[in-house]
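Structural features, examined
Spelled out from the first residue to the last, the chains are:
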Amino acid sequence: MKTSELKERIYNAQCIGNVEPIEYMVPYPNLRALIDGQNIKYGQKMVYAQKSLTSDKLYRMAQQTANWLQSNGAAPKDRVMLETLSFPESEIAALGIWTLGCSLVFSGDEDFKSASDATKPVFTISKETNLLKEISNFAEKFEPSVKSLLKDEAVVFCNNKKGYRYSHYNILVNTNGIQHGISLYEDQSFFVNLDPNSMPWVVLQIILPLYSGSPIDERNSDITIGVKNCDFNIQYDWSDLSKTKNNTLNVCYENTAFISIGREPIHLTAIDKTNKPEEISGHSVMMGFLDNEMNEKVFTGRALKIAV
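Report follows, based on the coordinates. (Residues numbered from 1 in each chain as written. Predicted model: local features only at pLDDT ≥ 70, side-chain atom pairs only at ≥ 80, totals over all residues. Heavy atoms only, no water.)

What follows concerns the side chain of N295. Here N295 shows up in helix α9 (residues 292-298). One polar contact links the side chain of N295 to the main-chain amide nitrogen of F289, over a distance of 2.7 Å. Residue contacts for N295: discarding those within four places in its chain leaves L6, R9, G288 and F289. (Helix = DSSP H or I, 4+ residues; strand = E, 2+ residues; numbered from the N terminus. Polar contact = N/O pair within 3.5 Å; in protein donor to acceptor, adjacent residues only side chain to side chain. Contact = heavy atoms within 4.5 Å.)

See the structure below:
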């Protein structure tokens, strides 16, 4: 199969009905613009309340991180691997990677060697890194030489020997679907506390507080999100969506992070059937696996097979 034909099949799977994945569906052209735009709108508002980190402070730290990464040889379009750091250093590192215009590479099973071999990152932020110390002397302003497009790669998530690729648009539109699905708005706060080893971490803990304008606040939260006993419970393993509860956030890595809330697919996602779905389509459908042989198997020309 020619590369151009595979790209067309992937693109077709990312459409939902006659609606193509086009830029006006989200208000930002890339993840860096999200960081920048929300700082303008919510600069003095808390993002991580327990760490006293406002949008403005995160914005400046992201730019410091971008300058630090650049000093270590990273450039726009490069891949940068992030090993596990403590909160909120992992989140700051990710924001800095996107500010520079790079792709974030991280692992779900801490098999960083396999992830590195598969993605060839130009630089690795190791788990021994004291990020806040490393970036402390760098300028708080960064001028990008290249601006990422919505269709460009933003994340490579490696898990169980698979490498999943996601665009800026994938991540923004999946976050948008979750925000509206759980009815989270800027006059509210929420709480989530995930390790940096899954796509729900990216969507819920990095992008959602910025996208929604709702701070993550453990002591004063209107909505709680976690793996159990929360307002919304994350479910990583499921076999039949029709049997899940209405407050369940069902994970599907082929669909960026989440496929549905209970039985209802998130906005701009379609499934072939509720009980044990086999195919999905829509704007959250990933860019594809790192391995094109796997892509050949799962992209049918109109959808993405998730039961392979």
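What follows deals with helix α3 (residues 55-71). For α3, with 17 residues, the first-to-last C-alpha span of 24 Å sits near the 24 Å given by 1.5 Å per residue. The element α3 is extensively covered by neighbouring structure, given that 13 of its 17 residues are classed as buried. Where α3 ends, the next residue or the one after it, G73, has phi of about 95°, a positive value. (Expected span 1.5 Å × (residues − 1). Buried < 20%, exposed > 50% of the residue type's maximum accessible area, 1.4 Å probe, protein only.)

Take helix α5 (residues 112-119) next. Those residues of α5 lying buried are F112, A115 and T119. Buried residues in α5, looked at end-on, bunch into an arc of 60°, giving them a common side. On its buried side, α5 packs onto β3 (79-82), β4 (103-107) and β6 (153-159). Two residues or fewer after α5 comes K120, characterised by a positive phi angle close to 55°. (Arc of directions from axis to C-beta.)

Moving on, we get to the packing of aromatic side chains. To describe a pair of aromatic rings, you give the distance between the ring centres and the angle between the ring planes. By the definition in use, this model includes 10 aromatic pairs. Their ring planes at 40° and their centres at 4.9 Å tell us that F106 and F157 sit as a pair that is tilted. In this pair, F106 is assigned in strand β4 and F157 in strand β6, connecting sequence segments 51 residues apart. Classification of F106 by relative accessible area gives buried; the value is 1%. For F157, a relative accessible area of 0% corresponds to the buried category. Here the aromatic cluster, defined as three or more aromatic residues joined through ring pairs, consists of F106, F157, Y164, Y166, W201, Y253 and F289. (Phe/Tyr/Trp six-rings, centres within 6.5 Å; stacked < 30°, edge-to-face > 60°.)

All right, on to unusual backbone geometry then. Residue F87 is joined to P88 through a cis peptide bond whose omega torsion reads 5°. Summarising the element assignment, P88 is placed in the loop between β3 and α4 (89-100). Positioned with a positive phi, S52 is a non-glycine residue whose angle comes to about 55°. Within the secondary structure layout, S52 lies in the loop between β1 (46-48) and β2 (53-54). Phi angles above zero are rare outside glycine, and N160 is one such case at about 50°. With respect to the element layout, N160 can be found in the loop between β6 and β7 (162-167). Residue N160 is classed as exposed on the basis of its relative accessible area, which comes to 57%.

For the rest of this paragraph, the subject is the pattern of salt bridges. For the structure on display, the rule yields 12 salt bridges. Of the charged contacts, one joins R79 and E153 as a salt bridge, the two residues approaching to 2.8 Å between their closest N and O atoms. Of this pair, R79 sits in strand β3 while E153 sits in strand β6; the two residues are 74 residues apart in sequence, bridging distant segments of the chain. Residue R79 shares its accessibility class with E153, and that shared class is buried. Salt bridges here are not isolated pairs; linked through shared partners, they connect D56, R60 and E140. (Salt bridge = Lys/Arg side-chain N within 4 Å of Asp/Glu carboxyl O.)

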